[in-house]
Amino acid sequence: MPAPCGTGLISFRPKFLDVVKDYSWDRLRADGLAGLNVMVIAFPLSIAFAIASGVKPEQGLLTAIIGGGLIALLGGSRVQIAGPTGAFVIITYSVVHDHGLPGLLLCTMMAGAMLCVMGFARLGTIIRFIPYPVSRAFTKGIAILILSSQIKNFFGLQVERLPVDFAGKIKVLALNLDAVHGPTVGLAVASVLVIGLWPARLSRYLPGPMVGLLAGTGAVALLGAHELWGIATIGSEFGAFASTLPALQLPLTDWATARELIQPAFTIALLVAMQALLCAVVTDGMLDEKHDSNQELVGQGVANLVGPLFGCIPVTGAVARSVANVRAGGRSPVAALVHSLLLLVMLLAAAPLVSHIPLATLSAVLVVAAYRMVSWKQFLRLKNWPFSDSSIFLATFALTVLTNLTLAVEVGVVLAALLMVKRISETSKITAVDEATETEGSHHSLVGKVVPEGVLIFRIFGAFFFGVVDKLDDELKRAKQEPEILILRVRKVLAMDATGLQALEDLHVKLHAKGKHLILSGPHTQPLFVMENAGFIDRIGRENVCPHIDAALARAREILGLPPVTAARDEPQALRMEKEQLESARRELSAALERTNRILNEPRTPPPATPPGKDN
């Protein structure tokens, strides 16, 4: 394999470079047809999302052309199609409302820089760890906000600008019910029916949104609906549709505004990363491929950093368009490049026709897209989730709809992190052990071993971090004795953080001040590395860090001045081994009996009935 290009914390190797070396005319034909298919889907959505974001319609096409092309060239996925998506509609509309178009362009560039840093710092895999309840709640909340953002165009209301917040939009609708424009509502409803009821088997060749767009535009043009009934079109609302590429221009603003844009920029960066990597995972599953998540973040970052110089709004991977690309036969980034080039042709050649597109039909495109994003069955499944997960989902959803997306993202991620800490804490155990409570296998068991007087043994299980350290203090208080030597069995502690290390430091200092001793038994690799790095091993004494419980007990006897225990002194080796085997068998039998009793005592429930028409 050729050496990776460039330098940095990651190997800069876009998927495009892996494709072109073995490319063929047959593959170009398949990718070209896939790109054509995706362009037909992307054209109406790009315009609709731009208008919903509060910018000119041509900026949506420019975003799919420039941003989509850069991601195809520099991204880490073979088949991802990028462009403006519904995820950004609310946050971009809010930024435009507060800071104007220059503010949005600068905010997008800041998000692009953040994404580049994430990619080069190898954070691609971490982004994918955002919990399912949080990511799904964002999606559902954004869908509701998209629906509310279409109140003006769907109902033909003559209001200058809709409020940013959800409650304000609903209030505007309630106060203007008498001003609803009948012909506009009729066209919007008809467009929704055409798009929503368009047969799925035909969507591969001509997608529903494009059919609705063509039908609505044709009806308005043929009937003269704009002049006759006052149905608003792109031309009447935004003026002539620009058919030329904009000149490069750096968005300038003052430092105070730039500081205010840091939060929404982070939100945009997080949404780009989440949606792009989700999209890549979905297409990986369809093709049995493996994308490069860090390279994908770099590609997304460059696109969002460069695109605004030409007037582009935020861009990311679009799941529906990428899936359509795969189903149409696209297997390389060339399909995405063809999609961008065809959109460029549409921008340059079809500008006069675009001006006749009715806003009611574009609103219908977004209404159908938002409705399909919601997936109402998700709310019905909440009752089957753990209560904590359902609560996080509903809290994030409510914050997304009722406050703002930035706050929802921050609170959702923090709540999910706290829940994770709580669950890890619950699985971590710290208990005193002796022969009666021993559960280790025979090699590590206390059974048959002599524990000297004044020695107390604790076992720590799970991660030893800031959410668990209090358990150690509680167990020591519960023991109600001050041991001469405390042995901590840490063989099953796989991870330790700075707080866990500090807890051991404090425990060592406390015992040492009273002339008592701390011994660690069987530390694992990561905790041992943390303690070695911090110098704790030297402070506690390397002789007090033992590989197993036998060595720890031997060290305890040495500290107490007791003679070492030998097999001959205690009992014959064969007898001791037999005792250990019998004790192990006793514990296994006891556990099996407990499981059997638990199963027998569980109430029996009849199996679910097989639905009619379903085979077993």
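Residues numbered from 1 in each chain as written. Predicted model: local features only at pLDDT ≥ 70, side-chain atom pairs only at ≥ 80, totals over all residues. Heavy atoms only, no water.

## Observations regarding the packing of helix α15 (residues 262–287) against helix α17 (residues 319–327)
Then, number 1: For the pair α15 and α17, interaxial distance at closest approach is 9 Å and the crossing angle is 20°. Of the possible angle classes, the one that applies to α15 and α17 is roughly parallel. Of the two elements, α15 crosses α17, and the hand of that crossing is right-handed. Along the contact surface, α15 presents Cys-279, Val-282, Thr-283, Met-286 and Leu-287, while α17 presents Val-319, Ser-322, Val-323, Val-326 and Arg-327.
Then, number 2: Among the residues making up the contact of α15 with α17, the classes are represented as seven nonpolar, two polar and one charged. (Axes fitted to C-alpha atoms, helices over the stretch in contact; angles between N-to-C directions. Helix = DSSP H or I, 4+ residues; strand = E, 2+ residues; numbered from the N terminus. Parallel < 35°, antiparallel > 145°, perpendicular 65-115°, else oblique. Left-handed = near helix turned anticlockwise from the far one by under 90°. Contact = heavy atoms within 4.5 Å. Nonpolar A, V, L, I, M, F, W, Y, C, P; charged D, E, K, R; others polar.)

## Describing helix α16 (residues 293–306)
Then, number 1: For α16, which comprises 14 residues, the first-to-last C-alpha distance of 20 Å matches the rise-based estimate of 20 Å (1.5 Å per residue) to within 8%.
Then, number 2: For α16, the tally of buried residues reaches eleven of 14 residues, placing the bulk of the element in the interior.
Then, number 3: The set of residues buried in α16 consists of Ser-293, Asn-294, Gln-295, Glu-296, Leu-297, Val-298, Gly-299, Gln-300, Gly-301, Ala-303 and Asn-304.
Then, number 4: Where α16 begins, the side chain of Asp-292 points an oxygen toward the backbone nitrogen of Asn-294, at a separation of 3.2 Å. (Expected span 1.5 Å × (residues − 1). Buried < 20%, exposed > 50% of the residue type's maximum accessible area, 1.4 Å probe, protein only. Polar contact = N/O pair within 3.5 Å; in protein donor to acceptor, adjacent residues only side chain to side chain.)

## Some remarks on the environment of Phe-310
Then, number 1: Its location among the elements puts Phe-310 in the loop between α16 and β2 (316–317).
Then, number 2: You can call Phe-310 partly exposed: its relative accessible area is 24%.
Then, number 3: A C-alpha to C-alpha distance of 10.0 Å links Phe-310 and Gly-67, two positions 243 residues apart in sequence.
Then, number 4: In this structure, Phe-310 is in contact with Leu-62, Ile-66, Pro-246 and Leu-248, ignoring residues within four places of it in sequence.

## A short note on the packing of aromatic side chains
Two aromatic rings are characterised by how far apart their centres lie and by the angle between their planes.
Then, number 1: Within the structure shown, the criterion is met by four aromatic pairs.
Then, number 2: When the ring of Phe-379 is compared with that of Phe-393, the centres are 5.6 Å apart and the planes differ by 80°; the resulting orientation is edge-to-face. Taken as a pair, Phe-379 in helix α21 (residues 377–380) and Phe-393 in helix α22 (residues 387–402) lie far apart in primary sequence, 14 residues in all.
Then, number 3: Judged by its relative accessible area of 0%, Phe-393 falls in the buried class.
Then, number 4: The interplanar angle of 75° and the centroid separation of 5.3 Å between the aromatic rings of Phe-379 and Phe-397 together place this pair among those described as edge-to-face. Of the two residues, Phe-379 sits in helix α21 while Phe-397 sits in helix α22, which places them 18 residues apart along the sequence.
Then, number 5: Following the ring pairs from residue to residue traces out a cluster consisting of Phe-379, Trp-385, Phe-393 and Phe-397.
Then, number 6: When the ring centre of Tyr-93 is taken as reference, the NZ or CZ atom of Lys-169 above it lies at 5.7 Å. (Phe/Tyr/Trp six-rings, centres within 6.5 Å; stacked < 30°, edge-to-face > 60°. Lys NZ or Arg CZ within 6 Å of the ring centre and 35° of its normal.)

## Here's the deal with the packing of helix α2 (residues 25–52) against helix α18 (residues 333–349)
Any two packed helices are characterised by how steeply their axes cross, that is the angle between the axes, and by the distance between the axes.
Then, number 1: The N-to-C vectors of α2 and α18 enclose an angle of 50°; their axes lie 7 Å apart at closest approach. Overall, the two elements α2 and α18 adopt an arrangement that is oblique. As α2 packs across α18, the resulting crossing turns out to be right-handed. Only Val-334, Ala-335, Val-338, His-339, Leu-342, Leu-343 and Met-346 of α18 make contact with α2, whose side of the interface consists of Leu-28, Asp-31, Gly-32, Ala-34, Gly-35, Leu-36, Val-38, Met-39, Ala-42 and Phe-43.
Then, number 2: Among the residues forming the contact of α2 with α18, the class breakdown is 13 nonpolar, three polar and one charged.

## Looking at the pattern of salt bridges
Then, number 1: All chains considered together, the criterion is met by eleven salt bridges.
Then, number 2: Salt-bridge contacts for Arg-13 lead to Asp-18; the nearest nitrogen and oxygen are separated by 3.1 Å.
Then, number 3: A residue is classified by how much of its surface remains accessible, and Arg-13, at 15% relative accessible area, is buried.
Then, number 4: Glu-543 serves as the salt-bridge partner of Arg-555, at 3.9 Å between the closest nitrogen and oxygen. Residue Arg-555 is found in helix α28 (residues 549–560), and its partner Glu-543 is found in the loop between α27 (536–540) and β7 (545–546); the two are separated by twelve residues along the sequence.
Then, number 5: On the basis of relative accessibility, which here comes to 15%, the residue Arg-555 falls in the buried class.
Then, number 6: When its relative accessible area of 47% is taken as the criterion, Glu-543 is described as partly exposed.
Then, number 7: One network of salt bridges, with partners in common, ties together Glu-532, Asp-538 and Arg-542. (Salt bridge = Lys/Arg side-chain N within 4 Å of Asp/Glu carboxyl O.)

## Considering the confidence of the model for the chain
Then, number 1: On average, residues of the chain score 82 in pLDDT, and 83% of them are at 70 or above.
Then, number 2: Of all the helices and strands in the chain, helix α29 (residues 567–570) carries the lowest mean pLDDT, 46, while strand β1 (residues 82–83) carries the highest, 96.
Then, number 3: Low pLDDT, under 50, characterises residues 1–8; the stretch is placed with eight contacts to residues that sit more than four places away or in other chains.
Then, number 4: Counted against residues more than four places away or in other chains, residues 604–616, with its pLDDT under 50, gives one contact. (pLDDT = per-residue confidence, 0-100.)

## What to know about the pairing of strand β6 (residues 517–521)
Working note: regular strand, side chains alternate between the two faces of the sheet.
Then, number 1: Most of β6 sits inside the fold, with four of its five residues counted as buried.
Then, number 2: Pairing analysis gives five bridges linking strand β5 (residues 485–492) to β6, with the strands arranged parallel. The residue of β6 that forms the bridge with Ile-485 is His-517.
Then, number 3: Taken together, β5, helix α25 (residues 498–513) and β6 constitute a β-α-β crossover, and its handedness is right-handed.
Then, number 4: Note that β6 and β7 share two bridges and pair parallel. (Pairing = 2+ DSSP bridges. Right-handed = clockwise from strand over helix to strand, strands pointing away.)

## A look at the environment of Glu-475
Then, number 1: Tracing the sequence through the fold places Glu-475 in helix α24 (residues 469–479).
Then, number 2: Each C-alpha atom of the pair Glu-475 and Phe-458 lies 8.6 Å from the other, and the pair is 17 residues apart in sequence.

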